[in-house]
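Descriptive structure summary
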Amino acid sequence: ADGAGRHAAGDGGDAVYNRVLSEPVHSGKVQSQDGAWWEIVGSLLNPMQFGAHGDGIQDDAAAVSKCVSVSTNVELKGHSYLMNTYTIIPVAGQSFYGPGKLMKTTRTSDEDFTAVQDGPKFFKVTVNDFLLDGVEINYVNASNNQRVYGVTTEQCARPVIRNCKFTG
């Protein structure tokens, strides 16, 4: 990723940054050559702004994780994000918007196929007011003997999942 947080110029990962007095405690930051700190701004951020490739081939888990940790409103912008090493655990009120695709080809290290509640998942929701809108969720290597979950919810109020497609 270049200094602007994106993978390459023109990839849709451009962002606006404001200069701040000290280093931000989150991942949405860059430091200029003069030592100044800059913080990403915007109410709707996307993984491309955090270095994702969005090609469905290279693992974008780190970039998705950074984006999710900074913004309560995440937009996938029509890209395909491979996330083999990451399960999203949103904060209260967090929203994810498509179009876009989240993909896994292997299970993450915290997923156990022997337990009913565990298995490949993209979102583990234990908070209120979660929104997933227009996102395609695809587990590429699913087999008949594996329990696959796109989203699990536990003791949360007002989760909304709409206009989504689950495959695999």
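Above this text is the structure in question.
Report on the accompanying structure. These numbers were taken from a predicted model, which means no experiment stands behind them. (Residues numbered from 1 in each chain as written. Predicted model: local features only at pLDDT ≥ 70, side-chain atom pairs only at ≥ 80, totals over all residues. Heavy atoms only, no water.)

1. Comments concerning the sheet that holds strand S1 (residues 16-20)
With antiparallel pairing, three strands are arranged side by side in an open sheet as S1-S3-S2. Each having just a single partner strand, S1 and strand S2 (29-31) make up the two edges of the open sheet. Strand-to-strand twist of the sheet, defined as the mean angle between neighbouring strand axes without regard to direction, takes the value 35°. As judged from the three bridges shared by S2 and strand S3 (residues 37-41), these two strands associate in the antiparallel manner. Looking across to S3, one finds that Lys29 is bridged to Glu39. (Pairing = 2+ DSSP bridges. Helix = DSSP H or I, 4+ residues; strand = E, 2+ residues; numbered from the N terminus. Axes fitted to C-alpha atoms, helices over the stretch in contact; angles between N-to-C directions.)

2. A short note on helix H1 (residues 61-70)
Where H1 is concerned, the buried positions are Ala61, Ala63, Val64, Cys67 and Val68. All buried residues of H1 project into a common sector of 165° when viewed along the axis, lining one side. Check the buried side of H1 and you find it contacts strand S4 (55-59), strand S5 (73-75), strand S6 (80-82) and strand S7 (95-104). (Buried < 20%, exposed > 50% of the residue type's maximum accessible area, 1.4 Å probe, protein only. Arc of directions from axis to C-beta. Contact = heavy atoms within 4.5 Å.)

3. What to know about the packing of aromatic side chains
The geometry of an aromatic ring pair comes down to the distance between the two centres and the angle between the two planes. Within this structure, the stated rule accounts for three aromatic pairs. Here the aromatic rings of Phe96 and Phe123 are separated by 4.8 Å at their centres, their planes lie at 70°, and the arrangement is edge-to-face. Placement of Phe96 in strand S7 and of Phe123 in strand S8 (residues 123-125) is noted, with a sequence separation of 27 residues between them. Considered together, Phe96 and Phe123 belong to a single accessibility category, that of buried residues. Aromatic side chains Phe123 and Phe130 sit 5.4 Å apart centroid to centroid with 55° between the ring planes, which places their arrangement in the tilted category. A relative accessible area of 0% means that Phe123 is categorised as buried. Its relative accessible area of 1% is what places Phe130 among the buried residues. Counting every residue linked through ring pairs, the aromatic cluster contains Phe96, Phe123 and Phe130. A cation over a ring is seen here: Lys104 above Phe122, with NZ or CZ 5.5 Å from the ring centre. (Phe/Tyr/Trp six-rings, centres within 6.5 Å; stacked < 30°, edge-to-face > 60°. Lys NZ or Arg CZ within 6 Å of the ring centre and 35° of its normal.)

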